[in-house]
Amino acid sequence: RDTLATLIINIDIASLIRDTGVSEQKNFRCVLVDGEGNSLSDSGEYTNAQIKSIYQQIKDERFAVASIDGNQYFAVYQEENNEEWGYVYFTEYDEIFREINNNLKRVVLVCGICVLLIVILNSFFTRDILSRFGGLIQAFQAFAEDISHPRAQEHSGRKDEIGTLYQQFDLMQEKVARHIRE
């Protein structure tokens, strides 16, 4: 087989991934590997043996938490071109866990604020409704002591259920007073 030349293509995978915006995480790594897990691209501070170790732990599962040198990494393997080569994507598992934990704390905080807001609003509305019923109870007590007591007109103009209740009380008071006079 005669060859005129050999073409060597060097692709900066880390810059390519960073430029495409696939990950904004600082410790995210993407390494091109051959079918046996040997690194074909720059793997930064990780040795070929470490990359191969991650590859061996995840190649059958496609993604997993892999351990190297006592540290845990979340890793994903993407196979290309009939298992001749692929990509190993990985990041520190502790960083993912920390982000999930921070997000969980934010969710709990927002839920806590919502619950507190609901309790405050519920207390406000309950107090408002009960004070209106309190006025009606006072009108009943005054009516029981003195039938000629003036009507409970403070809420008679309302168009809701409480206003209807006051109107019915005023109507009842008028009818009772009329019956007494007759």
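This is a predicted model, so every value here is computed, not measured. (Residues numbered from 1 in each chain as written. Predicted model: local features only at pLDDT ≥ 70, side-chain atom pairs only at ≥ 80, totals over all residues. Heavy atoms only, no water.)

1. Topic: unusual backbone geometry
For step 1, the next point in the chain: Residue R62 is not a glycine yet carries a positive backbone phi of 75°.
For step 2, the next point in the chain: Among the secondary structure elements, R62 is positioned in the loop between helix 2 (48-58) and strand 2 (63-68). (Helix = DSSP H or I, 4+ residues; strand = E, 2+ residues; numbered from the N terminus.)

2. Re a nonpolar patch on the surface
For step 1, the next point in the chain: Nonpolar side chains collect at one region of the surface, where L117, L121, F124 and F125 lie side by side and expose about 420 Å² of accessible area between them.
For step 2, the next point in the chain: On the secondary structure map, L117 appears in helix 3 (residues 93-145). (Patch = residues over 30% accessible without salt bridge, like charges linked within 9 Å, V, L, I, M, F, W, Y side chains within 5 Å. Areas by Shrake-Rupley, 256 points an atom, 1.4 Å probe, with all protein chains shown as cover. Salt bridge = Lys/Arg side-chain N within 4 Å of Asp/Glu carboxyl O.)

3. A short note on the packing of helix 3 against helix 4 (residues 161-181)
A pair of packed helices is captured by two measures, namely the crossing angle of their axes and the spacing between those axes.
For step 1, the next point in the chain: Following both chains from N to C, one finds helix 3 and helix 4 inclined at 5°, their axes separated by 11 Å at the closest point. Put simply, helix 3 runs roughly parallel to helix 4. Across the interface between the two elements, I129, R132, F133, G135, L136, A139, F140 and F143 from helix 3 touch I162, L165, Y166, F169, M172, Q173 and V176 from helix 4.
For step 2, the next point in the chain: Classifying every residue of the contact of helix 3 with helix 4 by side-chain character gives 12 nonpolar, two polar and one charged. (Axes fitted to C-alpha atoms, helices over the stretch in contact; angles between N-to-C directions. Parallel < 35°, antiparallel > 145°, perpendicular 65-115°, else oblique. Contact = heavy atoms within 4.5 Å. Nonpolar A, V, L, I, M, F, W, Y, C, P; charged D, E, K, R; others polar.)

4. A word on the nonpolar core
For step 1, the next point in the chain: Among the nonpolar cores identified, the biggest contains 15 residues, and V33, I54, I58, V88 and F90 are the most heavily contacted of them.
For step 2, the next point in the chain: Those elements that place two or more of their residues in this core are strand 1 (29-34), helix 2, strand 2, strand 3 (71-80) and strand 4 (85-92).
For step 3, the next point in the chain: At four residues, helix 2 tops the list of elements feeding residues into this core.
For step 4, the next point in the chain: Residues contacting V33, with those up to four places away along its chain left out, are N38, S39, L40, I51, Y55, Y77, W85, G86 and V88. (Core = buried A, V, L, I, M, F, W, Y, C linked by side-chain atoms within 4.5 Å. Buried < 20%, exposed > 50% of the residue type's maximum accessible area, 1.4 Å probe, protein only.)

All we've got here are geometric facts, nothing functional implied.
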